[in-house]
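# Structural overview for review
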Protein chains: 2
Amino acid sequence: MQDVYQYIDDHRDEYLEQVRTLCRQPSISAQNIGIQETAEMVKAMLEAIDAKAEIVPIEGGNPVVYGEVGSGNRTLSFYNHYDVQPPEPLELWKSEPFAADVRDGRIWARGIADNKGNTVSRICAIDAYQKVRGALPLRVKFLIEGEEEIGSPRLERFTDEHPDLVQADGNIWESGSKDVDGTPIISLGLKGICYVELRVKSIARDLHSSLGASVPNAAWRLNWALSTLKGPDERIRIPGFYDRVIAPTDHDLEILDKLPNTEASRKQLYNIDQFVNGLSGRDLQLKEYFQPTCTICGINSGYTGPGTKTVMPAEAMAKVDFRLVIDQDPYEIRDLLRKHLDNEGFSDVEVELLSAEHPARTSTDSAIVRVVEEAHREIDGKEPVIIPTSLGTGPAYVMAHKFGIPFASSGVGHADSGAHSPNENIYVEDYVTGIKRIARIMDGFART
Amino acid sequence: MQDVYQYIDDHRDEYLEQVRTLCRQPSISAQNIGIQETAEMVKAMLEAIDAKAEIVPIEGGNPVVYGEVGSGNRTLSFYNHYDVQPPEPLELWKSEPFAADVRDGRIWARGIADNKGNTVSRICAIDAYQKVRGALPLRVKFLIEGEEEIGSPRLERFTDEHPDLVQADGNIWESGSKDVDGTPIISLGLKGICYVELRVKSIARDLHSSLGASVPNAAWRLNWALSTLKGPDERIRIPGFYDRVIAPTDHDLEILDKLPNTEASRKQLYNIDQFVNGLSGRDLQLKEYFQPTCTICGINSGYTGPGTKTVMPAEAMAKVDFRLVIDQDPYEIRDLLRKHLDNEGFSDVEVELLSAEHPARTSTDSAIVRVVEEAHREIDGKEPVIIPTSLGTGPAYVMAHKFGIPFASSGVGHADSGAHSPNENIYVEDYVTGIKRIARIMDGFART
């Protein structure tokens, strides 16, 4: 593969310009900005590597860009998305989020880590492979959606309607990163999510707080409702919540045994003295990889400006996300939450489901995982670490569980890439390495 | 007194214009708007009734307007304030808050109920009495401060430095209203307040909510800390909190026996099905008049905009007010709260005291209360109801407890006056009646 790697090194400036061009095109699904333009740009990039590409519309949503190139006994698919998070808060960015500035060896842009860097690195790997070897050794399918950052609400409809476009022998997932100490990570799963908004309205309008003795306070109602969900022991108190949680297997525990200890570096990164409840070692691993979460993402009620205002709030609102593990179901969790609140006397607390995704896992034994491992060893010169699941969420369930496609992650991010945050970035060197790794993965997977 | 009442009726338009003029002058202490101008305007109004008036500066704060007029064996003081609450939210006002519009028999203006209507009605009563009778039958002292709406932080310093200006045989408090069914209320006290801001900072900056399994969440920390303060049973859980609370006397219970039942009208006003925990009758009376409160006035953390953002908040903030009853001390309550949070494992929750006032009560047996009762009977033609205390707060402690001055309320408000809210208003008829009542109170108190 040295011939392909050499070609990639010789054309690094050209490949760098390609990803910068895509990053300069905003594509913010939450704000409906630049979606069609970006889909067309991605289609053109696929056509430039001789892929048969099309923009597949989805009723009521953003289209999927589908591409197919190469032939062979094996079919590898890439799941990516062309939409990005909103760039706000803009004032915290050190360069314009859609300028794709290069400085200090890094590319800075909204979407560069999540997920345009990975998307373009895959296209560039095919370009290099074809230029050097003439043709790909396998069939490649690109499935690049436009609604990942708003929870992929219509992806399952797309895969149901187009099973032929989805079917593959293995999949490379959108993401891929390194841990806080620089070790490459291969993730075998994604958590699910049940994201809800809780709302209380206790009185007709805000009243003087002197009525606090006798008139129901929306902020207190919400506070008490939330405190029935989880206490400082971190155990989620919704009856039935853990019923479908599967205990880690002996094989899972072996995976955990091999994980490097990054606790000290992570504590420094987050600026904390300790993890919750002093968790460490195996307990921390089990909590992070094999336990669901319940997180308050936001809460608001009453007067929150400077100084005092003696007001009793009529309304209160909280946003809560549950990250789910195999085999929890986000819709069942929503129902259990509703029932729990009713049973605890909080039927006045409204629950609205804002986002739902199933958890997904794949097996370490699959060919795609072995090939990605080999690619890391060869290209990065480092032994990758395999983690049972990402802590984050994505629509892998659709492909992994409904179509039975094994998947693995391989990407260009690092621990401080700042996905979803200001100053999102990747290292130029990681981008070039990422292109080589994809070339190596295609080459290896063709021989499985 | 018919001669004086007739004079007031004949000059009602002139008296109405006086209060509108004062209301058109903004005087927002929280925003430092129009303070000096208003103090000078009030001083001029006092001088117009031949009062010896001065603007008494307070270091670091808004001046007190002091006035003295009349002579006799008895001295009656009026406590008022010339500052008002901010008018926001402006979009909810049906007429400009500083236009003092008159329509539907009411005057609509920020400060008309709290407290400019009362201030001017007292000045007008003296004017009428003097015009008809030549001279007042007693000495009157005006103590009109400019920081009541920000918690009277420097009033005690003023009264300590100028005891001669404060000393009196009886005091008419700033406020005075009618209950929801239109019955005049005489209040024998004011609750104290301990208003705190609670703050938590758990991590360096907001993180991705996927870290919810292991990284401390500021919103949860605050939620749990708050839920240790009070549960749905409404009992405040801070050890020692109730230690100084004095049980109602037999005399207090007799006062409660005489209260009309306004529960149905009040539930309709607040748009609630029931009071907290279904309280009613004697239990509701005891809770409102003889028990302290703990009220969340505001809470904020993380993402509170539309849709989903999967963020783990680094910071959280809540504003909480405790309304205190005799003999609770706001500074002691702040200390008990701090100690309680430490004992419960929440030393990460910062406590800042934003406002502190002591509770105050006066006796039903005092001359001033009897005189106000008589005035209500004569002027309103209704038997007033005596309540043990207002549910709200004011700096009566300074005068009532440090100087031993009995006090009673008499004012021009009604149950839907909207103090501190948009569309603050009083009825023109109540304003005219209020002027007459003050004339009658001066006349009656001179003969005690």
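About the thresholds
Residues numbered from 1 in each chain as written. Chains lettered and ligands numbered in written order. Predicted model: local features only at pLDDT ≥ 70, side-chain atom pairs only at ≥ 80, totals over all residues. Heavy atoms only, no water. pLDDT = per-residue confidence, 0-100. Least-squares fit on C-alpha atoms with pLDDT ≥ 70 in both. Contact = heavy atoms within 4.5 Å. 1 Å grid on protein atoms, 1.4 Å probe; cavity = no way out; pocket = protein on both sides within 12 Å on 5 of 7 lines; lining within 4 Å. Points joined across faces, edges and corners; volume = space filled by probe spheres on them. Helix = DSSP H or I, 4+ residues; strand = E, 2+ residues; numbered from the N terminus. Nonpolar A, V, L, I, M, F, W, Y, C, P; charged D, E, K, R; others polar. Pairing = 2+ DSSP bridges. Buried area = accessible area lost by both parts, 1.4 Å probe. Salt bridge = Lys/Arg side-chain N within 4 Å of Asp/Glu carboxyl O. Axes fitted to C-alpha atoms, helices over the stretch in contact; angles between N-to-C directions. Parallel < 35°, antiparallel > 145°, perpendicular 65-115°, else oblique. Left-handed = near helix turned anticlockwise from the far one by under 90°. Buried < 20%, exposed > 50% of the residue type's maximum accessible area, 1.4 Å probe, protein only. Arc of directions from axis to C-beta. Disulfide = S-S within 2.5 Å.

## Topic: the confidence of the model for chain A
Counting all residues, the mean pLDDT for chain A is 95, and 100% of those residues have values of 70 or more. Both scores are available for the predicted complex, with the pTM at 0.91 and the ipTM at 0.91.

## Thoughts on the relation of the copies chain A and chain B
Placing chain A over chain B gives an RMSD of 0.1 Å and needs a rotation angle of 180 degrees, together with 0.1 Å of translation along the axis. In the structure described here, the two chain copies are related by an operation that fits a two-fold rotation axis. Residues of chain A ranked by C-alpha distance from the rotation axis are headed by Asn300(A), positioned 2.3 Å from it. Comparing contact sets, 100% of the residues at the interface of chain A also lie at the interface in chain B, consistent with an isologous, same-surface contact.

## A word on empty space enclosed by the protein
Residue and element names in this part refer to chain B. Under the criterion given, the structure shown has 3 cavities of 30 Å³ or more. Forming the boundary of the largest cavity are 13 residues, of which Ser-177, Lys-178, His-376, Gly-411 and Arg-437 lie nearest the centre. The set of elements that each furnish at least two residues to the lining of the largest cavity consists of α12 (367-380) and α14 (428-446). The residue inventory of the lining of the largest cavity, partitioned by class, reads 3 nonpolar, 6 polar and 4 charged.

## Some details on the sheet that holds strand β18 (residues 385-387) of chain A
The strands making up a sheet associate through backbone hydrogen bonding, with each pair oriented either parallel or antiparallel. All names here are of chain A. Pairing within the open sheet is mixed, and its 3 strands lie in the order β8-β9-β18. The open sheet terminates on both sides in strands that have one partner only, identified here as β8 (177-178) and β18. Where β8 meets strand β9 (residues 184-187), 2 bridges bridge the pair, whose relative direction is antiparallel. Note on β9: the bridge partner recorded for Ser-177 is Ile-185.

## Focus on the interface of chain A and chain B
Chain A puts 69 residues into the contact, and the matching count from chain B is 69 residues. For the pairing of chain A and chain B, the buried interface totals around 5600 Å² over both sides, and the portion due to carbon and sulfur atoms is 60%. Between chain A and chain B we count 2 salt bridges in total. Between Arg205(A) and Asp416(B) there is a salt bridge, and its shortest N-O distance comes to 3.6 Å.

## Here's the deal with the packing of helix α1 (residues 2-10) of chain A against helix α4 (residues 112-133) of chain A
All names here are of chain A. Across the interface, α1 lies against α4 with an axial gap of 9 Å and an inter-helix angle of 120 degrees. The angle between α1 and α4 places the two elements in the oblique class. In this structure, α1 crosses over α4, and the sense of that crossing is right-handed. Contacts between α1 and α4 involve Asp-3, Val-4, Tyr-7 and Ile-8 on the former and, on the latter, Asp-127, Ala-128, Tyr-129, Lys-131, Val-132 and Arg-133. A breakdown of the residues in the contact of α1 with α4 according to their chemical character gives 6 nonpolar, no polar and 4 charged.

## Quick word on the packing of helix α2 (residues 12-24) of chain A against α4(A)
All names here are of chain A. Running from N to C, α2 and α4 point in directions that differ by 140 degrees, and their axes come no closer than 9 Å. With respect to α4, the element α2 is oriented oblique. When you trace α2 past α4, the crossing you get is right-handed. Residues Glu-14, Tyr-15, Gln-18, Val-19, Leu-22 and Cys-23 of α2 lie in contact with α4, whose contacting residues are Ile-112, Lys-116, Gly-117, Val-120, Cys-124, Asp-127 and Ala-128. Considering only residue class, the contact of α2 with α4 consists of 8 nonpolar, 2 polar and 3 charged.

## Quick notes on the sheet that holds strand β7 (residues 170-173) of chain B
Residue and element names in this part refer to chain B. Sheet architecture is open: 6 strands sit in the order β1-β2-β6-β3-β7-β18, paired in mixed fashion. With partners counted over all chains shown, the strands left at the sheet margins are β1 (52-56) and β18 (407-409), one partner each. Between one strand axis and the next, the sheet turns by 20 degrees as a mean value, whatever way the strands run. As defined by bridge partners, strand β3 (residues 75-81) adjoins β7 across 3 bridges and the pair is classed as parallel.

## Examining helix α1 (residues 2-10) of chain B
Since the α-helix turns once every 3.6 residues, residues separated by three or four places project in the same direction. Residue and element names in this part refer to chain B. For α1, the full list of buried residues reads Val-4, Tyr-5, Tyr-7 and Ile-8. Projected down its long axis, α1 carries its buried residues within an arc of 155 degrees, all on one side. α1 presents Gln-2 and Asp-10 as exposed residues on the side facing more than 90 degrees away from its buried surface. Packing partners of the buried residues in α1 comprise α2 (12-24), α4 (112-133), α12 and α14.

## Here we look at the state of the cysteines
All names here are of chain A. The full count for this structure, using the stated rule, is 0 disulfides over all chains. Sulfur of Cys-194: no disulfide; nearest cysteine sulfur belongs to Cys-294 and is 9.6 Å away. Residue classification places Cys-194 among the buried residues on the basis of a relative accessible area of 0%.

## Side note on the pairing of strand β6 (residues 139-145) of chain A
All names here are of chain A. By the criterion of burial, β6 is predominantly enclosed, with 6 of the 7 residues buried. As defined by bridge partners, strand β2 (residues 64-69) adjoins β6 across 5 bridges and the pair is classed as antiparallel. Along β6, the bridge assignment pairs Tyr-66 with Leu-143.

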